[in-house]
Amino acid sequence: MKVIREDVATWLKELAAVENDPVLEAMHLEAAERKFPIVGPEVGRLLFQLASVSGAKRVFEMGSGFGYSTLWFARAVGPDGHVYHADGSEENARRARDYLSRAGVLGRVTVQVGDARDLLRDTPGEFDIVFMDIDKDQYPDGYEILRERVKVGGLVIVDNLIWSGRVAAGEGDPATLGVRRYLELMWKDPSFLSSLMPVRDGVGVSLRLR
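Residues numbered from 1 in each chain as written. Predicted model: local features only at pLDDT ≥ 70, side-chain atom pairs only at ≥ 80, totals over all residues. Heavy atoms only, no water.

1. Things to note about the packing of helix α2 (residues 22-34) against helix α5 (residues 90-102)
Contact pair α2 / α5: the axes reach a minimum separation of 9 Å and the direction vectors enclose 155°. If you check the angle between α2 and α5, you find them roughly antiparallel. Crossing angle aside, the handedness with which α2 passes α5 is right-handed. Only N92, R95, Y99 and R102 of α5 make contact with α2, whose side of the interface consists of V23, A26, M27, E30 and R34. In terms of residue class, the contact of α2 with α5 is made up of four nonpolar, one polar and four charged. (Axes fitted to C-alpha atoms, helices over the stretch in contact; angles between N-to-C directions. Helix = DSSP H or I, 4+ residues; strand = E, 2+ residues; numbered from the N terminus. Parallel < 35°, antiparallel > 145°, perpendicular 65-115°, else oblique. Left-handed = near helix turned anticlockwise from the far one by under 90°. Contact = heavy atoms within 4.5 Å. Nonpolar A, V, L, I, M, F, W, Y, C, P; charged D, E, K, R; others polar.)

2. Concerning the packing of helix α7 (residues 139-146) against helix α8 (residues 174-187)
The geometry of α7 relative to α8 is characterised by a closest axis approach of 7 Å and an angle of 30° between their N-to-C directions. On the basis of the axis angle, α7 is roughly parallel to α8. Where α7 abuts α8, its residues Y139, P140, Y143, E144 and L146 lie against G178, V179, R181, Y182, L185 and M186. Of the residues belonging to the contact of α7 with α8, the class tally is eight nonpolar, one polar and two charged.

3. Some points on the pairing of strand β7 (residues 203-208)
Of all six residues making up β7, five are buried, and the element is well covered by its neighbours. Note that strand β5 (residues 150-159) and β7 share five bridges and pair antiparallel. Each residue of the ladder has a partner; that of I157, found in β7, is V205. Between strand β6 (residues 192-197) and β7, which pair antiparallel in sequence order, lie five residues; one of them, R200, sits at a positive phi of approximately 55°. (Buried < 20%, exposed > 50% of the residue type's maximum accessible area, 1.4 Å probe, protein only. Pairing = 2+ DSSP bridges.)

4. Concerning the pattern of salt bridges
Within this structure, the stated rule accounts for 19 salt bridges. Between R95 and E91 there is a salt bridge, with the nearest N and O atoms lying 3.4 Å from each other. Of this pair, R95 and E91 are both found in helix α5, four residues apart, which corresponds to roughly one turn of the helix. The exposure class of R95 is partly exposed, given its relative accessible area of 26%. Note that D118 is salt-bridged to R121, the shortest N-O span being 2.7 Å. In this pair, D118 and R121 are both assigned in helix α6 (residues 116-122), three residues apart and thus about one turn of the helix distant. (Salt bridge = Lys/Arg side-chain N within 4 Å of Asp/Glu carboxyl O.)

5. Remarks on the nonpolar core
Judged by nonpolar contacts, the single largest core of 35 residues is most densely connected at M27, F73, I129 and I157. Listed by contribution, the elements that provide at least two residues to this core are α2, α3 (40-53), α4 (68-77), α5, β3 (109-113), β4 (127-132), β5 and β7. Considering every element that reaches this core, the biggest residue donor is α4, with seven residues. When residues no more than four places from it in sequence are discounted, the contact partners of F73 are L47, A51, V59, E61, V83, I129, F131 and I157. Among the nonpolar cores identified, the runner-up in size contains 28 residues, and M132, I145, L161 and M186 belong to it. (Core = buried A, V, L, I, M, F, W, Y, C linked by side-chain atoms within 4.5 Å.)

6. Looking at α8
An ideal rise of 1.5 Å per residue puts 20 Å on 14 residues; α8 measures up with 20 Å between its terminal C-alpha atoms. Among all positions of α8, only A175, T176, G178, V179, Y182, L183, L185 and M186 are buried. The N-capping residue of α8, defined by a side-chain oxygen 3.0 Å from the backbone nitrogen of A175, is D173. (Expected span 1.5 Å × (residues − 1). Polar contact = N/O pair within 3.5 Å; in protein donor to acceptor, adjacent residues only side chain to side chain.)

7. Here we look at the packing of aromatic side chains
The full count for this structure, using the stated rule, is 10 aromatic pairs. Each ring, one from Y84 and one from F127, has its centre 5.7 Å from the other, and the planes form 80°; the classification is edge-to-face. Of this pair, Y84 sits in strand β2 (residues 82-87) while F127 is found in strand β4, placing the two residues 43 residues apart along the sequence. Looking at F127, the relative accessible area reads 0%, which means it is buried. Judged by centre distance (5.9 Å) and plane angle (70°), the ring pair of Y139 and Y182 falls under edge-to-face. One end of the pair, Y139, is in helix α7; the other, Y182, is in helix α8, with 43 residues separating them in the sequence. Linked through ring pairs, F36, F66 and Y99 together constitute an aromatic cluster. (Phe/Tyr/Trp six-rings, centres within 6.5 Å; stacked < 30°, edge-to-face > 60°.)

8. Focus on a nonpolar patch on the surface
Residues L193, L207 and L209 make up a contiguous nonpolar surface patch of about 270 Å² in total accessible area. Within the secondary structure layout, L207 lies in strand β7. (Patch = residues over 30% accessible without salt bridge, like charges linked within 9 Å, V, L, I, M, F, W, Y side chains within 5 Å. Areas by Shrake-Rupley, 256 points an atom, 1.4 Å probe, with all protein chains shown as cover.)

Next comes the structure, spelled out in structure tokens:
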């Protein structure tokens with residue numbers, strides 16, 4: 001697997017930069033100041049597009065940080081849609097509520113604090129999209145949980161599947177092995193058709209077929 005060239009990645013990030021959006025701009029600034037990993041505008045645009053073209057109205061996020069990806073999804077699902085934000089940090093949840101309120105979309109989001117895997121188990125119903133961006137060593141366990149929770153015709157979207165190119169190695173740290181194992185499980189699952197998009201650090205998109 002070829003990792004996108006650094007100069008190309010930098011240019012694409014600049015091209016995708018969001019202007020005249022004070023809430024997103026504030027979130028970009030906070031992420032930079034705190035060195036907090038967010039999916040960034042490149043992936044944010046993709047999440048919005050996938051949710052929009054699929055007509056998604058019910059989205060569950062496993063690992064939501066302070067609400068950056070949540071905001072992209074909340075705008076995509078519209079006023080009659082709903083997004084479930086799940087993160088282990090109460091502080092992240094507080095900051096997410098603030099940003100989402102400032103953006104005028106808090107009413108279409110449920111902000112939950114705890115282990116995203118447990119929160120998904122405890123939230124009833126099927127989802128049009130399940131987005132996973134939790135600790136990478138937890139990806140295989142996340143797969144086992146989410147595979148039955150996305151509806152037929154729905155999407156599983158997973159971030160960091162190129163994992164800076166380390167995923168191609170046959171061994172590594174628990175995070176790398178977790179990403180690699182997730183890919184093996186999902187790509188061999190006959191219930192899904194999966195693709196890996198080389199956007200930023202690699203975004204997996206899996207369509208549930210049955």
